[in-house]
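Observations on the three-dimensional arrangement
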Amino acid sequence: MSAFGSDKKRVLLQGNEAIVEGAIAAGCRFFAGYPITPASEISERMSRRLPQLDGTFIQMEDEIAGMGAVIGASLAGVKSMTATSGPGFSLMQENLGFACMAEVPCVVVNVMRGGPSTGLPTNPSQGDVMQARWGTHGDHPVIVLAVSTVLDCFQITVEAFNMSEKYRVPVVILSDEIVAHTREVVTLPSVGEFEAYNRVSPKMPPEWYIPYADNSMGVPPMAAFGEGYHHHVTGLMHDVRGFPTQRPDEIEALVGRLFRKITQGFHEIQKVETFMMDDAEVAVIAYGSVSRSARRAVLDARRQGLKAGLLKLITLFPFPRHSVEEALQKCRVALVPEMNMGQISREVKRVNQTVSIVKKYNRVDGQLITPQEIYQQLIKI
Amino acid sequence: MPQEVAEIVRKYLRHDKKFPHIWCAGCGNGIVLGSLIRAIDLSGVEKDNIVLVSGIGCSGRITVYVDLNTLHVTHGRALSFATGIKLAKDSLKVIVVMGDGDATAIGGNHFIHAARRNMDLTAIIINNQIYGMTGGQYSPTTPYDSKTTTSPYGHIENTFSISELAIAAGASFVARGTVYHTQLLDDAIRLAILKKGFSVVEILSNCHTHYGKLNGMETPVAAMRWFRDHVAVVGKEGALPPGRSAETDEKIRIGVLKNVEKPVYSEEYQKVRDHAKNSLSS
Ligand SMILES: Cc1ncc(C[n+]2csc(CCOP(=O)(O)OP(=O)(O)O)c2C)c(N)n1
Ligand code: SF4
C-alpha cells in the first residue's frame, strides 16, 4: 500500500505533491499529461507513484491528447486525471466538453499562472476562473473547486474524484503557483477517515441496460468497456441509448438532466469554510492562496477592533450562492480580493442584488496579494 | 443474401436500431464497414473485448452501426482516447477508424506519436482524399491540381502518403488497400487486428459526392475503375512481385507494405511497473 494515505503520517509536502497523494488515495490509477510550469511536479510524482500501484502514467504529445487519454481510461473503468496550467488548459477545452457531454468522470488540475498566452510561467494568478466554468463551448455543467493549502490539495483532490464519480462530470481543481510550490508539514488523513466513492455500475443484464436513462439522481449507472454491455458513447447529442439524435424532445431531456444532476446535488457540492464570521460586519470572500492572506488580515483587523470575517470558497462552480448570500446579508461590506481583474467578485455582485456593498481588490502583476494589502483595504472600510 | 452473410450482419450490426445509415449510396465507407466486420469475425476476437473508436467525419459514423463497445470522439483525437483505453485495460482489442483529414490533418500529431510509441492499436484510415462530411474541402491527401470546394482553381499542395508516413513514424504493420479489392482488404484488416503493435490499414476509398463530382468521377463505378487500373499488388512485405515492370512501378502499391516485430508500449510499461514495485519493496 502507499506510504501516504494508509497510516496517519506527518509529512513535508508541496501542494503539487499533495494533489498526487490525494488522487492516489481516492483511487486514481491513470494519469496522462504534458509538462508545464507550475504543474510539472504533478506529472513527475505521478510517473514515480502510479507504476508502483499497477497504475499507468503516460506523457502524451500535447494536452489535447492528454485529456483524450484520460477520458479513454475512465471509459475503460479506471479513475483518471491530468494536470496542467493555462496554455495547456486552453488546449484541453474541447475534450473537456466531450467529458461533460458523454458524462465521463475525470479530474483536471489547473495550476494557474499569469496569462493570457504564455504569460507569466512562474508567477501565480487566478485568471482562469471563468475559463474553468465556461472554457469549453456550449451550455454544460461542470464542477470547479479551489485549493489554498497543502492539506486542501490532498483533501479537495479526494473530494474532486468523489464528486466526479458520483455525478459523472469532469471536476476542475484550480490551484495556483503559490499553493503548488509551498511546502508544509501536514498530517494526511488515513484510510478510513475519508470516503473514496466509486461510480455506480449497471447491475442489469446487457439487454436491459439503457446507458443514459434518467433516474432520481439524474446520474445513470456507467458500464466500463469490456464488461459485456457494448454500448455507444458519443459527443453528439444522444438519446437515452447513447445514439445520435436531433429530436428536440430528446435533446431537451438530455441537456436538462445534465444540469439537473448538478442542481440536485448542489448542497453536497457547495463547499466553503468560514472564519470569524459569526459576528462579522465586514466579510472577506476569497479562495486559493489569497484566502490565506485574507485569514491573516482578518486577525489583524480584529486586533484593531474591526469585526472582520472570512468566507473561503472551495467550490467556485456551481457558485455557492447560499453561503455567499448569507455573508452578504450579515455584513455591511464584502471585500473580494483576487489575482485577476475581478472574476469571482462579479459572481458575488450577481447574487448580491444590492443587499450589501461589494468591493473588489485586484492584482494582475504576478504577485501574491499580501495580508497587509488586504488589511489596508479592510481598515479603509 | 447468403446464409453466412446474414449471420454476420445479425451478429455485428445494430441492425434493428440504427439503419438506414447516413452515407451516400455507393460511398466506399459501406464497403469498409463490410470488410471490417468480416475481418473481425475471422480474427476470432470476442465481440465484448473489442472497442471500436472513431473520430469525426463521414467515416467517423461507422461506430454507430456496429454492435461492439463503440466510442465516437472529437475530430482528430480518436487515437488519444484509444491510447487511454488500451493502457487502462490491456485485455481490450482497440480498433480505430479515421478519415484522411481526421487522421493526418487535425490528428496528424497523434497519429505519428501512436506509431512511434508502437501502441497496440489498429488504425484504419479511410482515405477518400477529401473532407466528405463538411462538403468537399481539400485534405492532406488531396492530389495536386484537383478541384475541391476550397481549391476551386486547382489544388497546389503536396500530398501525404499515409502509409509511408506510418512506416517512417514506426508502425509495426502497414497495409494499403482499396474499396475495389475487397478480398485483399478483408485480409489486410484481419492481419492488422491480429498484429501486436501499431498496425495501420490505409484504404483508398471514393467520395463521388464531392471529390468525384469535381474531378470527373461522378459515379462510384468510375472510382472503382480507377482503383482497378491504378494499383499494383505487392508481395510479402512491400516488394513488388517478380515480373515487375516500369508500368507496375508507376502504380499505387497495395498489399502489406511493412510487417515487423518490435516491443509494444504496454509490454514495455509493464517492465516499468515491475521496476517501480521492486524499488518500493527493496
Ligand atoms: C475541431 C473541429 N474542427 C472542424 C470540425 C468540422 N469537421 C467535421 S468532419 C471534418 C472533416 C472530415 O474529413 P475526413 O476526416 O477526411 O473524413 P470524411 O468525412 O471524408 O470521412 C471537419 C473539418 C470539427 N468537427 N471539429
Ligand atoms: S459525402 Fe462522400 S464520404 Fe461522405 S458519405 Fe457521401 S460519398 Fe461518402
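Residues numbered from 1 in each chain as written. Chains lettered and ligands numbered in written order. Predicted model: local features only at pLDDT ≥ 70, side-chain atom pairs only at ≥ 80, totals over all residues. Heavy atoms only, no water.

**Overview of the overall build of chain B**
Looking only at helices and strands, chain B features 12 helices and eight strands. Taking 19 Å as the expected radius of gyration for a compact globule of 282 residues, we find that chain B reaches 19 Å, a close match to that expectation. Counting across all 282 residues of chain B, residues that qualify as buried make up 56%. Sequence-distant contacts in chain B: of pairs separated by 6 or more residues, those separated by 24 or more amount to 65%. Summed over all atoms, the accessible surface of chain B reaches about 11,900 Å², with 54% contributed by carbon and sulfur. For chain B, the separation between the mean place of its 31 positive charges and that of its 27 negative charges on side chains is 4 Å. (Helix = DSSP H or I, 4+ residues; strand = E, 2+ residues; numbered from the N terminus. Rg over C-alpha atoms; globule rule 2.2 N^0.38 Å. Buried < 20%, exposed > 50% of the residue type's maximum accessible area, 1.4 Å probe, protein only. Contact = heavy atoms within 4.5 Å. Areas by Shrake-Rupley, 256 points an atom, 1.4 Å probe, with all protein chains shown as cover. Lys, Arg positive; Asp, Glu negative; His and termini not counted. Charge placed at Lys NZ, Arg CZ, Asp CG, Glu CD.)

**A short note on the side chain of Asp186(B)**
Residues and elements named next belong to chain B. Following the sequence through the fold, Asp186 ends up in helix 8 (residues 182–194). Within polar-contact distance, the side chain of Asp186 engages the side chain of Arg38 at 2.7 Å. Contacts of Asp186, omitting those with residues within four sequence positions, involve Ser35, Arg38 and Ala39. (Polar contact = N/O pair within 3.5 Å; in protein donor to acceptor, adjacent residues only side chain to side chain.)

**Considerations on the site of ligand 1**
Neighbouring ligand 1 are 17 residues; Cys58(B), Ser59(B), Gly101(B), Asp102(B) and Gly132(B) lie closest to it. The environment around ligand 1 is built from residues contributed by chains A and B. Within the side chain of Ser59(B), one N or O atom sits 2.9 Å away from an oxygen atom of ligand 1. In this structure, an oxygen atom belonging to ligand 1 sits 2.7 Å away from a main-chain N or O atom of Asp102(B). Computed on the free molecule, ligand 1 has an accessible area of 590 Å², of which 76% lies beneath the protein chains in the complex. With four residues, the single largest contributor to the shell around ligand 1 is helix 5 (residues 100–106) of chain B. (Near = heavy atom within 4 Å.)

**Describing the pattern of salt bridges**
For the structure on display, the rule yields 35 salt bridges over all chains. Between Asp229(B) and Arg228(B) there is a salt bridge, with its nearest N and O atoms 3.0 Å apart. (Salt bridge = Lys/Arg side-chain N within 4 Å of Asp/Glu carboxyl O.)

**Remarks on the domain arrangement of chain A**
Residue and element names in this part refer to chain A. The domains assigned to chain A are domain 1 (9–188) and domain 2 (272–380). Computed from C-alpha coordinates alone, the two centres of domain 1 and domain 2 are separated by 26 Å. Facing 26 residues of domain 1, the contacting portion of domain 2 comprises 24 residues. Taking both partners together, domain 1 and domain 2 bury about 1,900 Å²; carbon and sulfur atoms supply 58% of that area. For the pair domain 1 and domain 2, the number of links is two salt bridges. Where Lys312 meets Asp152, a salt bridge forms, and the shortest distance between an N and an O atom there is 2.9 Å. At the junction of domain 1 and domain 2, the tally comes to 15 residue pairs in polar contact (both at pLDDT 80 or more). Elements that contribute at least two residues to the side of domain 1 that touches domain 2 include exactly strand 6 (120–124), helix 5 (129–134), strand 7 (143–146), helix 6 (150–167), strand 8 (170–176) and helix 7 (177–181). No other element matches the four residues that strand 7 contributes to the side of domain 1 that touches domain 2. Its residues assigned to classes, the side of domain 1 that touches domain 2 shows 14 nonpolar, seven polar and five charged. (Domains from an automatic or database assignment. Buried area = accessible area lost by both parts, 1.4 Å probe. Nonpolar A, V, L, I, M, F, W, Y, C, P; charged D, E, K, R; others polar.)

**Notes on helix 6 of chain A**
With 18 residues, helix 6 of chain A extends 26 Å from end C-alpha to end C-alpha; this agrees with the ideal 26 Å at 1.5 Å per step. Arg168(A), located one to two residues past helix 6 of chain A, shows a positive phi value of around 50°. (Expected span 1.5 Å × (residues − 1).)

**Details of the interface of chain A and chain B**
Between chain A and chain B, the contact holds 40 residues from the first and 39 residues from the second. Carbon and sulfur atoms make up 60% of the area that chain A and chain B hide from each other, which totals about 3,400 Å². Three residues stand out in chain A for area buried against chain B, namely Glu61(A), Phe225(A) and His230(A), and they jointly supply 19% of the buried area on that side. At the boundary of chain A and chain B, one finds two salt bridges. Ionic pairing is found between Arg117(B) and Glu61(A), a salt bridge with its closest N-O pair at 2.8 Å. The interface formed by chain A and chain B contains 20 residue pairs in polar contact (both at pLDDT 80 or more).

**Looking at the layout of surface pockets**
Residues and elements named next belong to chain B. By volume, the largest pocket amounts to about 500 Å³. Taken together, 29 residues line the largest pocket, and the ones lying closest to its centre are Asn127, Gln129, Leu204, Trp226 and Ile252. Elements that contribute at least two residues to the lining of the largest pocket include exactly helix 7 (162–169), strand 6 (199–204), helix 9 (208–214), helix 10 (220–229) and strand 8 (252–259). If one sorts the elements of the lining of the largest pocket by residue count, helix 7 sits on top with four residues. (1 Å grid on protein atoms, 1.4 Å probe; cavity = no way out; pocket = protein on both sides within 12 Å on 5 of 7 lines; lining within 4 Å. Points joined across faces, edges and corners; volume = space filled by probe spheres on them.)

**Some details on the confidence of the model for chain B**
On average, residues of chain B score 95 in pLDDT, and 99% of them reach the 70 mark or higher. What the predictor reports for the complex is a pTM of 0.97 with an ipTM of 0.96. (pLDDT = per-residue confidence, 0-100.)

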